[in-house]
Amino acid sequence: MKIVATFWIAIVQSLTAPAYAADFDADRFAQRYFDAWVMSQSPEATRQNLERYLALLADDVGHQHLPYDPDDSRIPTGKQDMRDGMGRYLGAHTQHEANLISYMAGHDVIVIHYSTLSKDIHPQTHEEIAQDYLTVEVLEIEDGKVAMIRKYSP
(Lines give C-alpha, C1' and ligand atoms only; values in the text may rest on other atoms or scores of the structure.)
Protein backbone atom coordinates (compact mmCIF):
# COMPACT_ATOMS: atom_id res chain seq x y z
CA MET A 1 0.00 0.00 0.00
CA LYS A 2 2.83 2.40 0.83
CA ILE A 3 4.38 1.72 -2.58
CA VAL A 4 1.12 2.61 -4.34
CA ALA A 5 0.73 5.80 -2.27
CA THR A 6 4.34 6.79 -2.93
CA PHE A 7 3.84 6.15 -6.64
CA TRP A 8 0.77 8.41 -6.79
CA ILE A 9 2.47 11.16 -4.78
CA ALA A 10 5.42 11.05 -7.18
CA ILE A 11 3.09 11.27 -10.19
CA VAL A 12 1.18 14.24 -8.75
CA GLN A 13 4.39 16.06 -7.83
CA SER A 14 5.89 15.54 -11.28
CA LEU A 15 2.73 16.86 -12.93
CA THR A 16 2.54 19.92 -10.71
CA ALA A 17 6.23 20.76 -10.56
CA PRO A 18 7.15 23.86 -12.55
CA ALA A 19 8.82 23.24 -15.89
CA TYR A 20 11.34 25.95 -15.08
CA ALA A 21 13.90 26.10 -12.33
CA ALA A 22 13.05 27.51 -8.93
CA ASP A 23 15.29 30.49 -9.68
CA PHE A 24 13.38 31.34 -12.88
CA ASP A 25 12.26 34.97 -12.63
CA ALA A 26 9.00 35.12 -14.59
CA ASP A 27 8.69 38.89 -14.19
CA ARG A 28 12.14 39.50 -15.60
CA PHE A 29 11.57 36.95 -18.36
CA ALA A 30 8.26 38.58 -19.41
CA GLN A 31 9.96 41.97 -19.74
CA ARG A 32 12.97 40.50 -21.61
CA TYR A 33 10.66 38.63 -23.98
CA PHE A 34 8.55 41.70 -24.73
CA ASP A 35 11.59 43.96 -25.21
CA ALA A 36 13.28 41.43 -27.51
CA TRP A 37 10.10 41.02 -29.57
CA VAL A 38 9.67 44.81 -29.91
CA MET A 39 13.27 45.18 -31.12
CA SER A 40 12.75 42.39 -33.67
CA GLN A 41 9.83 44.38 -35.13
CA SER A 42 11.59 47.74 -35.27
CA PRO A 43 12.18 49.42 -38.65
CA GLU A 44 15.87 49.24 -37.72
CA ALA A 45 15.74 45.57 -36.66
CA THR A 46 18.87 43.55 -37.31
CA ARG A 47 19.64 39.84 -37.38
CA GLN A 48 21.12 40.30 -33.89
CA ASN A 49 17.77 41.65 -32.65
CA LEU A 50 16.01 38.66 -34.18
CA GLU A 51 18.49 36.23 -32.59
CA ARG A 52 18.02 37.85 -29.14
CA TYR A 53 14.31 37.16 -29.46
CA LEU A 54 14.79 33.62 -30.77
CA ALA A 55 17.24 32.83 -27.93
CA LEU A 56 14.26 32.92 -25.57
CA LEU A 57 12.45 30.17 -27.51
CA ALA A 58 12.78 26.39 -27.39
CA ASP A 59 14.09 24.76 -30.56
CA ASP A 60 10.73 23.06 -31.12
CA VAL A 61 8.63 26.11 -30.25
CA GLY A 62 5.05 26.12 -31.43
CA HIS A 63 3.34 29.28 -32.62
CA GLN A 64 -0.40 29.67 -32.87
CA HIS A 65 -1.95 32.97 -33.97
CA LEU A 66 -5.70 32.87 -33.75
CA PRO A 67 -7.75 33.28 -35.87
CA TYR A 68 -5.13 33.25 -38.67
CA ASP A 69 -3.06 30.21 -37.79
CA PRO A 70 -4.95 27.66 -35.67
CA ASP A 71 -2.17 25.02 -35.78
CA ASP A 72 -0.51 24.58 -32.39
CA SER A 73 1.95 21.88 -33.40
CA ARG A 74 5.42 21.82 -31.95
CA ILE A 75 7.91 20.53 -34.46
CA PRO A 76 11.69 20.09 -34.27
CA THR A 77 12.23 23.00 -36.69
CA GLY A 78 9.90 25.42 -34.88
CA LYS A 79 12.57 27.98 -34.02
CA GLN A 80 14.19 27.73 -37.45
CA ASP A 81 10.79 28.18 -39.09
CA MET A 82 10.23 31.34 -37.04
CA ARG A 83 13.73 32.56 -37.92
CA ASP A 84 12.99 32.07 -41.63
CA GLY A 85 9.54 33.68 -41.45
CA MET A 86 10.53 36.63 -39.29
CA GLY A 87 13.74 37.11 -41.28
CA ARG A 88 11.75 37.75 -44.47
CA TYR A 89 10.05 40.72 -42.79
CA LEU A 90 13.04 41.98 -40.82
CA GLY A 91 13.01 45.78 -40.91
CA ALA A 92 9.86 45.85 -43.08
CA HIS A 93 7.93 48.19 -40.77
CA THR A 94 8.19 51.89 -41.51
CA GLN A 95 6.90 52.52 -37.99
CA HIS A 96 6.42 50.20 -35.04
CA GLU A 97 5.42 51.02 -31.49
CA ALA A 98 4.33 48.55 -28.85
CA ASN A 99 3.33 49.24 -25.27
CA LEU A 100 3.19 46.61 -22.58
CA ILE A 101 -0.16 46.95 -20.84
CA SER A 102 0.19 44.11 -18.36
CA TYR A 103 1.56 40.67 -17.79
CA MET A 104 1.01 37.95 -15.26
CA ALA A 105 2.77 34.72 -14.52
CA GLY A 106 1.17 31.48 -13.48
CA HIS A 107 2.15 27.86 -13.39
CA ASP A 108 4.56 27.56 -16.35
CA VAL A 109 2.66 30.30 -18.18
CA ILE A 110 3.20 34.00 -18.78
CA VAL A 111 0.36 36.06 -20.22
CA ILE A 112 1.37 39.32 -21.90
CA HIS A 113 -1.12 42.00 -22.95
CA TYR A 114 0.12 44.80 -25.19
CA SER A 115 -0.92 47.36 -27.79
CA THR A 116 0.75 47.76 -31.16
CA LEU A 117 0.78 50.49 -33.78
CA SER A 118 2.62 49.62 -36.96
CA LYS A 119 2.92 50.85 -40.52
CA ASP A 120 4.22 48.92 -43.49
CA ILE A 121 4.39 49.31 -47.25
CA HIS A 122 2.53 46.51 -49.01
CA PRO A 123 5.05 44.70 -51.26
CA GLN A 124 2.68 44.37 -54.25
CA THR A 125 0.47 47.48 -54.09
CA HIS A 126 3.09 49.77 -52.50
CA GLU A 127 0.33 51.24 -50.37
CA GLU A 128 0.85 52.05 -46.72
CA ILE A 129 -0.85 49.65 -44.32
CA ALA A 130 -1.46 50.98 -40.82
CA GLN A 131 -2.48 48.69 -37.98
CA ASP A 132 -3.45 49.57 -34.43
CA TYR A 133 -4.46 46.60 -32.28
CA LEU A 134 -4.35 44.87 -28.92
CA THR A 135 -2.73 41.47 -28.48
CA VAL A 136 -2.66 38.86 -25.76
CA GLU A 137 0.16 36.33 -25.89
CA VAL A 138 0.12 33.22 -23.75
CA LEU A 139 3.64 31.87 -23.39
CA GLU A 140 3.99 28.31 -22.18
CA ILE A 141 7.36 27.87 -20.49
CA GLU A 142 9.50 24.73 -20.35
CA ASP A 143 13.05 24.64 -18.98
CA GLY A 144 13.22 28.45 -18.92
CA LYS A 145 12.33 28.83 -22.61
CA VAL A 146 9.12 29.59 -24.48
CA ALA A 147 7.80 26.26 -25.74
CA MET A 148 4.49 27.53 -27.14
CA ILE A 149 3.26 30.96 -28.16
CA ARG A 150 -0.49 31.41 -28.39
CA LYS A 151 -1.24 34.81 -29.84
CA TYR A 152 -4.70 36.38 -29.84
CA SER A 153 -5.29 39.59 -31.77
CA PRO A 154 -7.85 40.95 -34.21
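An account of the accompanying structure is given in this report. (Residues numbered from 1 in each chain as written. Predicted model: local features only at pLDDT ≥ 70, side-chain atom pairs only at ≥ 80, totals over all residues. Heavy atoms only, no water.)

On to the packing of aromatic side chains, then. The full count for this structure, using the stated rule, is 5 aromatic pairs. Seen from their ring centres, Phe-24 and Phe-29 are 5.2 Å apart, and the 45° between their planes marks the pair as tilted. Considered together, Phe-24 and Phe-29 belong to a single accessibility category, that of buried residues. Between the aromatic rings of Phe-34 and Trp-37, the centroid separation amounts to 6.3 Å while the plane-to-plane angle is 40°, which identifies the pairing as tilted. With Phe-34 and Trp-37 both in helix H2 (residues 26–41), this residue pair falls 3 residues apart, about one helical turn. Since its relative accessible area comes to 6%, Phe-34 is described here as buried. Grouped by ring-pair contacts, the aromatic residues Phe-34, Trp-37 and Tyr-114 constitute a single cluster. (Phe/Tyr/Trp six-rings, centres within 6.5 Å; stacked < 30°, edge-to-face > 60°. Buried < 20%, exposed > 50% of the residue type's maximum accessible area, 1.4 Å probe, protein only. Helix = DSSP H or I, 4+ residues; strand = E, 2+ residues; numbered from the N terminus.)

Counting residues in each nonpolar core, the largest one holds 25 residues, and the members touching the most others are Tyr-33, Tyr-53, Leu-57, Ile-110, Val-146 and Ile-149. Put simply, the parts of the chain that give this core at least two residues each are H2, helix H3 (47–54), strand E1 (57–66), helix H4 (78–88), strand E3 (109–121), strand E4 (128–142) and strand E5 (145–152). In terms of residues, this core owes the most to one element, H2, which gives 8 residues. (Core = buried A, V, L, I, M, F, W, Y, C linked by side-chain atoms within 4.5 Å.)

Its 16 residues give H2 an end-to-end C-alpha distance of 23 Å, which sits within 8% of 22 Å, the value for a rise of 1.5 Å per residue. Buried within H2 we find Ala-26, Phe-29, Ala-30, Tyr-33, Phe-34, Ala-36, Trp-37, Val-38, Ser-40 and Gln-41. The opening residue of H2, the one whose side-chain oxygen lies 3.2 Å from the backbone nitrogen of Asp-27, is Asp-25. (Expected span 1.5 Å × (residues − 1). Polar contact = N/O pair within 3.5 Å; in protein donor to acceptor, adjacent residues only side chain to side chain.)

Let us look at the sheet that holds E3. The sheet built from 5 strands is open, its strands ordered E1-E5-E4-E3-E2 with mixed pairing. Of all strands in the sheet, those with a lone pairing partner are E1 and strand E2 (93–106), marking the two edges. When strand polarity is set aside, the average angle formed by the axes of neighbouring strands in this sheet is 20°. Relative to E5, E4 runs antiparallel, the two sharing 7 bridges. Opposite Val-138, over in E5, you have Arg-150 as the bridge partner. Its contacts with the sheet place H2 against E1, E2, E3, E4 and E5, and it is angled at close to 165° to E2. (Pairing = 2+ DSSP bridges. Axes fitted to C-alpha atoms, helices over the stretch in contact; angles between N-to-C directions. Contact = heavy atoms within 4.5 Å.)

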